[in-house]
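So the chains spell out like this:
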Amino acid sequence: QGIPGWHIECSAMAMKYLGETIDIHTGGIDHIPVHHTNEIAQSEAATGKQFARYWLHNAHLLSDGTKLSKSLGNSYTLADIAERGYNPMDFRMFILQSHYRTETNFTWDNLAAAKQRLTRWRSVAALAWQTHDTLDDDDDKDDQHGINGKILAAPHAALEALQDDLNTPEALVAIERVMDEIDVTPLHNLQHSALQQMIQWIDDTLGLQLFIS
């Protein structure tokens, strides 16, 4: 009787678990001409409804500037990354540094740079446990030091970037700017609640686990 094809399987699973119309469908740019075209045709022919409202197609991940290939020996697994002393959050930061529609070049140096950036962000996050607000000094910190307003504004700037076609690199830049200022701000001028809110937003939205050592 044969085996169901790749395209029909995806339509069947999507409609079973997500409904006849789904909000967002993702996939690689190589899926556009055949796979996703078939999904749309068969799903909409079966239901008479729009299959997906939004499509997000990501560009390829390269390795040392070339396409990932087993024959070239330039593809890696998460186990390979772990063996080199990296963790999944390091790789997540690496991926977030490029726009999803831009080809990303994986090298160990690039991953090391992402790890260094994440380590620095975590050192800033640790300051949240070293700052303390009181009823007496909380308002003073707000009035006298503009840094706390910038800390509170950073998530809003980052969110605006994400709302612009998931521009994760620009979102990271918005956060990086305030991280730079926090680095040169005396600890007693930092508002604990503002810093904690920013770090929590980063963890909730970008999933970088800054509050986890």
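Each chain has its residues counted from 1, running along the sequence as written. Confidence filtering applies because this is a predicted model: local features only for residues at pLDDT of at least 70, side-chain atom pairs given and counted only at 80 or more, and all residues used for totals across whole chains, interfaces and linings. Note that the side-chain values use all heavy atoms of the structure and ignore hydrogens as well as water.

1. A short note on unusual backbone geometry
Stated precisely, the cut-off is as follows: Numbered from the N terminus, helices here are DSSP runs of H or I no shorter than four residues, and strands are runs of E no shorter than two.
Even without glycine at this site, Asp64 takes up a positive phi of about 55°. Here Asp64 shows up in the loop between β3 (61-63) and β4 (66-67). Although it is not a glycine, Leu166 sits at a positive phi angle of roughly 50°. As for its position among the elements, Leu166 is in the loop between α7 (147-162) and α8 (168-183).

2. What to know about the pairing of strand β1 (residues 22-28)
We count it as follows: A pair of strands is labelled paired if DSSP reports no fewer than 2 bridges between them.
In this structure, β1 lies alongside strand β2 (residues 52-58), joined through six bridges in parallel fashion. Within β2, the position partnered with Ile24 by the bridge is Tyr54.

3. Things to note about the sheet that holds strand β5 (residues 104-106)
Stated formally: Should any heavy atoms of two residues lie within 4.5 Å, those residues are considered in contact. To get an axis, fit a line to the C-alpha atoms, keeping to the stretch in contact for a helix; angles then go from 0 to 180 degrees between the N-to-C directions.
Reading across the sheet, the three strands line up as β4-β3-β5 and stay open at both edges, with mixed pairing between neighbours. Whereas interior strands pair on both sides, the edge strands pair on one side only; in this sheet they are β4 and β5. Contacting β3 and β5, helix α4 (residues 88-96) runs over the sheet at an angle of about 145° to β5.

4. A closer look at the confidence of the model for the protein chain
Note the threshold: Note on scores: pLDDT gives the predictor's confidence for each residue, bounded by 0 and 100.
With 92% of its residues at a pLDDT of at least 70, the protein chain reaches an overall mean of 90. Looking over the protein chain, one finds the lowest element-wise mean pLDDT in helix α6 (residues 138-144), namely 55, and the highest in α4, namely 97.

5. What to know about α4
As a reminder, the rule being used: Relative accessible area decides the class of each residue, using a 1.4 Å probe on protein chains only: under 20% of the type maximum gives buried, over 50% gives exposed, and in between gives partly exposed. Throughout, the arc means that of the directions going from the helix axis to the C-beta atoms.
Among the residues of α4, Met89, Asp90, Met93, Phe94 and Leu96 are the ones counted as buried. Buried residues along α4 cover an arc of 165° about the axis, so they all sit on one side. Buried residues along α4 sit in contact with β3, β5, α5 (108-125), α8 and α9 (192-206).

6. Overview of the pattern of salt bridges
Rule in force here: Counted as salt bridges are all cases of a side-chain nitrogen of Lys or Arg within 4 Å of a carboxyl oxygen of Asp or Glu.
Tallied over the entire structure, the rule returns ten salt bridges. The partner of Asp23 in a salt bridge is Arg53, with the nearest N and O atoms 2.6 Å apart. Of this pair, Asp23 sits in strand β1 while Arg53 sits in strand β2, placing them 30 residues apart in sequence. For Asp23, a relative accessible area of 49% corresponds to the partly exposed category. Exposure remark for Arg53: the relative accessible area of 45% places this residue in the partly exposed category. Residue Arg120 is joined to Asp180 by a salt bridge in which the shortest nitrogen-to-oxygen separation is 2.5 Å. One end of the pair, Arg120, is in helix α5; the other, Asp180, is in helix α8, with 60 residues separating them in the sequence. For Arg120, a relative accessible area of 23% translates into the label partly exposed. A relative accessible area of 39% places Asp180 in the partly exposed class.

7. Brief notes about a nonpolar patch on the surface
Operational definition: Exposure above 30% relative accessible area and the absence of a salt bridge qualify a residue for a patch, where like charges join within 9 Å and nonpolar side chains (Val, Leu, Ile, Met, Phe, Trp, Tyr) within 5 Å. Accessible areas in this description were obtained via Shrake-Rupley with a 1.4 Å probe; residue shielding takes into account the shown protein chains only.
Side chains of Met13, Tyr17 and Leu18 sit close together on the surface and give an oily, nonpolar patch of about 380 Å² of accessible area. One can find Leu18 in helix α1 (residues 6-18).

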